[in-house]
Amino acid sequence: MTPALRHVTKISSLSPKEIKGVLKLALEMKARPADYWDALKRRTLLMFFEKPSLRTRVSLEAGMTSLGGHGIAYMTGDSPVGEKESYEDTGAVLSRMCDAVTARVKSREQVTGLAENSTIPIINALDDYAHPMQMLADLQTIVEHKCDGDVEGLTGKSLAFVGDCQNNVTYDLMRSGALMGLDVRIAGPTGFEWEIEPSVLEECAALTKEHGGTVTVLKTAEEAVAGADIVYADSWMSYGIKGAERDRRMKALMPFQVTPELMSKASTSASFMNCLPAVRGEEQLASVIDGPQSIVFDQAENRLHAQKALLVKLLVEGL
């Protein structure tokens, strides 16, 4: 029986129970990949790329191949999608040709447009509002390193994000914590361009009330990191930021750089995460990301396993 149609536009498109189901399957698939060699046999995934990504493309293409399916990477830079043809029409057309679509694009409206008339799953592979595929990989990594492989162990773990708080990763980390019972603490520069969108704060307030996690916005990196199990950083510079704008951002963000001194304020067993790509000397020092507390490459690998599990859940098993 074909599972009910589901779109994943942000991590909160999934319930805590559904997230745990995906994580359990991801752990199984990672341990016994040969058991799933034909799980998506003759299935086709179309991958929209308005923004480039090494990890997203390779993990999805390799994942589809290892599951017996096929992945098509479609670069939108020279295409009429969104201009000559609407995203709504594109979603309707692709529904007749493919089994699922991932979209790594600039805006949430594009993902919403694809999903509007689609009869196949649309999965957000990054927009300006969320990054749910990264969240599943992040949660899997935390389960492996901090919970002895038990997804129920996520409850009560603490995660500190320091840096640019007005971005997709921060927003979905906040939602993830609220959903899964984590204590999430956020700290970054103040001012309009750094402020978390009110809709995210409102959503997280509702999610924490329902599911028991906590999300706190703090003023300093030291406050956020104090005693944390996980310290998380993300890139400070989006594509193409140069010159005076880059210098201005660097000045504002430097108090939130992850250094050995900052890590020392976290739990003695704390781990460091970064969804990559990373720039040594910017959001973290090389001694942190290359040091013994770093789990960034396990985190990157888990993009493969978590995405495979999500696709199998959406297309075969059901959430």
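Shown above is the structure to which this text applies.
Please read these numbers as outputs of a predicted model, since none were measured by experiment.

## Here we look at the sheet that holds strand β7 (residues 214-218)
- Sheet architecture is open: five strands sit in the order β7-β6-β5-β8-β9, paired in parallel fashion. A single partner strand is all that each edge strand has here, and the edge strands are β7 and β9 (271-274). Strand-to-strand twist of the sheet, defined as the mean angle between neighbouring strand axes without regard to direction, takes the value 20°.

## Focus: the side chain of E282
- By the secondary structure assignment, E282 is in the loop between β9 and α11 (286-289).
- Looking at E282, the relative accessible area reads 7%, which means it is buried.
- Those residues within four positions of E282 in sequence are excluded, and the remaining contacts are W236, M237, R246, M250 and Q257.

## Details of the pairing of strand β2 (residues 70-75)
- Bridge count for strand β1 (residues 44-49) against β2 is six bridges, and the pairing is parallel. Opposite F48, over in β2, you have Y74 as the bridge partner.
- For the handedness criterion, the β-α-β arrangement of β1, helix α2 (residues 54-66) and β2 is classed as right-handed.

## Regarding the pattern of salt bridges
- By the definition in use, this model includes 17 salt bridges.
- With its nearest N and O atoms 2.9 Å apart, the salt bridge here joins K20 to E152. With K20 in helix α1 (residues 16-31) and E152 in the loop between α5 (132-146) and β5 (158-162), this residue pair connects regions lying 132 residues apart in the sequence.
- Taking the relative accessible area as the measure of exposure, E152 reaches 43% and is therefore partly exposed.

## Here's the deal with the packing of aromatic side chains
- Applying the stated criterion across every chain yields a total of three aromatic pairs.
- With centroids separated by 5.6 Å and ring planes inclined at 90°, the aromatic side chains of F48 and Y74 adopt a geometry described as edge-to-face. Of this pair, F48 sits in strand β1 while Y74 sits in strand β2; the two residues are 26 residues apart in sequence, bridging distant segments of the chain.
- Aromatic side chains Y129 and Y171 sit 6.0 Å apart centroid to centroid with 75° between the ring planes, which places their arrangement in the edge-to-face category. Taken as a pair, Y129 in the loop between β4 (122-126) and α5 and Y171 in helix α6 (residues 168-180) lie far apart in primary sequence, 42 residues in all.

Rules and cut-offs
- Residues numbered from 1 in each chain as written.
- Predicted model: local features only at pLDDT ≥ 70, side-chain atom pairs only at ≥ 80, totals over all residues.
- Heavy atoms only, no water.
- Pairing = 2+ DSSP bridges.
- Helix = DSSP H or I, 4+ residues; strand = E, 2+ residues; numbered from the N terminus.
- Axes fitted to C-alpha atoms, helices over the stretch in contact; angles between N-to-C directions.
- Buried < 20%, exposed > 50% of the residue type's maximum accessible area, 1.4 Å probe, protein only.
- Contact = heavy atoms within 4.5 Å.
- Right-handed = clockwise from strand over helix to strand, strands pointing away.
- Salt bridge = Lys/Arg side-chain N within 4 Å of Asp/Glu carboxyl O.
- Phe/Tyr/Trp six-rings, centres within 6.5 Å; stacked < 30°, edge-to-face > 60°.

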